[in-house]
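Read off the chains here:
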Amino acid sequence: MKLQDLQTPAVVIRQESMLENLKKYQKKCDEHGKQLWPMLKTHKSTEIAKLQMEIGATGFLCGTLDECEALCEQGVKQLMYAYPVAGAVSCRRVIELAKNCDFYVRIDGLEAASQLNQIATEYGVRVNYTISLDCGLHRFGMPAEDILPFAESMKRFESLNFCGISTHCGHVYSEADAAKVPLYAEQEKAAIQKAVSDLKAAGFDVRIVSSGATP
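This write-up is about the structure you can find in this document.

**Side note on the overall build of the protein chain**
- Looking only at helices and strands, the protein chain features seven helices and six strands.
- Taken from the N to the C terminus, the helices and strands of the protein chain come in the order α-α-β-α-β-α-β-α-β-α-β-α-β.
- The C-alpha radius of gyration of the protein chain comes to 19 Å, within 12% of the 17 Å expected for a compact globule of 215 residues.
- The buried share of the protein chain, taken over its 215 residues, is 40%.
- By sequence separation, contacts in the protein chain at least 24 residues apart represent 65% of the contacts at least 6 residues apart.
- For the protein chain, the computed accessible surface area is about 12400 Å², with 50% contributed by carbon and sulfur atoms.
- Separation of charge centres in the protein chain, based on 24 positive and 27 negative side chains, amounts to 3 Å.

This is the structure:
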């Protein structure tokens, strides 16, 4: 079949190019001692996710609970949900995921944390979480200086297990000058270093420090 014979709309993947890209980025992470957790919403394909795992990806970041559940059903053992979770239905879905894989949620508010903790306690499950650090996007999360006080306040929730911090330098997407992109990375690094330093000085075990943005 030729391209012009395809019924549109159609998704066409140049497999050689895709594999080259997957291997190139995994190699970069390996060279710098970083784990790669690809964002599933980039392709929403369990087949591509399988390729990424075979090449070396540690786990996956998901933008919806549907994505998390689909990968969990495929046997993926390490998953992170990119956003805070709220509401009884969503919390119960998180509980089921926590039962079946090494699952993490991101948290940036005590009210949602309290609800998740209550439901997790009812089911006898501990849920892993990272605190969302806002490094400039201002969509969710909190400034670096607020991370430690928030982490201290989260200690009351015995069914929630602190694992580290997560950030997303999403405001870089609005930058039109490529030469300025490294400045965003430096700002993000500074925010991460401040938060991690404060947490470790206070005795917190910061096992996960996650960040990511395509630019």
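The discussion continues.
**Some words on the environment of Arg92**
- Considering the arrangement of structural elements, one finds Arg92 in helix H4 (residues 88–100).
- We classify Arg92 as partly exposed; its relative accessible area is 40%.
- It is 9.0 Å that separates the C-alpha atoms of Arg92 and Tyr123, two residues lying 31 residues apart in sequence.
- Ignoring anything within four residues of it in the chain, the contact list for Arg92 reads Ile119 and Tyr123.

**Comments concerning unusual backbone geometry**
- For the bond from Thr8 to Pro9, the omega torsion is 0°, close enough to zero to count as cis.
- Position of Pro9 relative to the elements: it lies in the segment before helix H1 (15–31).
- With a phi angle near 50°, Lys44 is a residue other than glycine that sits in the positive phi range.
- Relative to the helices and strands, Lys44 resides in the loop between H1 and helix H2 (46–55).

**With respect to the nonpolar core**
- In this structure, Leu79, Phe103, Val105, Ile107, Leu116, Val127 and Leu160 are the most contacted members of the largest nonpolar core, which totals 59 residues.
- The biggest single contributor to this core is helix H7 (residues 181–201), with six residues.
- Discounting residues that sit within four places of it in the chain, Leu160 has contacts with Ile107, Ala113, Leu116, Asn117, Arg126, Val127, Tyr129 and Met154.

**Looking at the pairing of strand S6 (residues 208–211)**
- Here S6 shows a clear split, with Ile208 and Ser210 buried on one side and none of Val209 and Ser211 buried on the other.
- Strand direction decides the pairing type here: strand S5 (residues 160–167) and S6, joined by four bridges, are parallel. Residue pairing in the sheet places Ser166 in a bridge with Ser210 of S6.
- As a crossover connection, the stretch from S5 through H7 into S6 is right-handed.

**Side note on the sheet that holds strand S4 (residues 127–133)**
- Spatially, S1-S2-S3-S4-S5-S6 is the arrangement adopted by the six strands of the open sheet, whose pairing is parallel. The strands lining the two open edges of the sheet, one partner per strand, are strand S1 (60–62) and S6. Looking at each pair of strands side by side, their axes are set apart by 30° on average, direction ignored.
- Both S4 and S5 contribute to a ladder of seven bridges, which runs parallel. Among the inter-strand pairings, Thr130 is bridged to a residue of S5, identified as Gly164.
- Against the sheet, helix H6 (residues 144–153) makes contact with strand S3 (102–107), S4 and S5, and its axis sits at roughly 150° relative to S4, the strand it touches most.

**Let's talk about the packing of aromatic side chains**
- Evaluated as defined, the whole model comprises five aromatic pairs.
- For the pair Phe162 and Phe204, a centre-to-centre distance of 5.4 Å together with 70° between the ring planes defines the contact as edge-to-face. One end of the pair, Phe162, is in strand S5; the other, Phe204, is in the loop between H7 and S6, and 42 residues separate them in sequence.
- Of the aromatic side chains, those joined through ring pairs into one cluster are Tyr81, Tyr83 and Phe140.

**What to know about the packing of helix H3 (residues 65–73) against H4**
- Interhelical geometry of H3 versus H4 gives an angle of 25° and a closest axis separation of 11 Å. Classed by the angle they form, the pair H3 and H4 counts as roughly parallel. Considering only the axes of H3 and H4, their crossing is left-handed. For the pair formed by H3 and H4, the contact residues are Leu65, Asp66, Cys68, Glu69 and Cys72 on the first element and Ser90, Arg93, Val94, Leu97 and Asn100 on the second.

About the criteria used
- Residues numbered from 1 in each chain as written.
- Predicted model: local features only at pLDDT ≥ 70, side-chain atom pairs only at ≥ 80, totals over all residues.
- Heavy atoms only, no water.
- Helix = DSSP H or I, 4+ residues; strand = E, 2+ residues; numbered from the N terminus.
- Rg over C-alpha atoms; globule rule 2.2 N^0.38 Å.
- Buried < 20%, exposed > 50% of the residue type's maximum accessible area, 1.4 Å probe, protein only.
- Contact = heavy atoms within 4.5 Å.
- Areas by Shrake-Rupley, 256 points an atom, 1.4 Å probe, with all protein chains shown as cover.
- Lys, Arg positive; Asp, Glu negative; His and termini not counted.
- Charge placed at Lys NZ, Arg CZ, Asp CG, Glu CD.
- Core = buried A, V, L, I, M, F, W, Y, C linked by side-chain atoms within 4.5 Å.
- Pairing = 2+ DSSP bridges.
- Right-handed = clockwise from strand over helix to strand, strands pointing away.
- Axes fitted to C-alpha atoms, helices over the stretch in contact; angles between N-to-C directions.
- Phe/Tyr/Trp six-rings, centres within 6.5 Å; stacked < 30°, edge-to-face > 60°.
- Parallel < 35°, antiparallel > 145°, perpendicular 65-115°, else oblique.
- Left-handed = near helix turned anticlockwise from the far one by under 90°.

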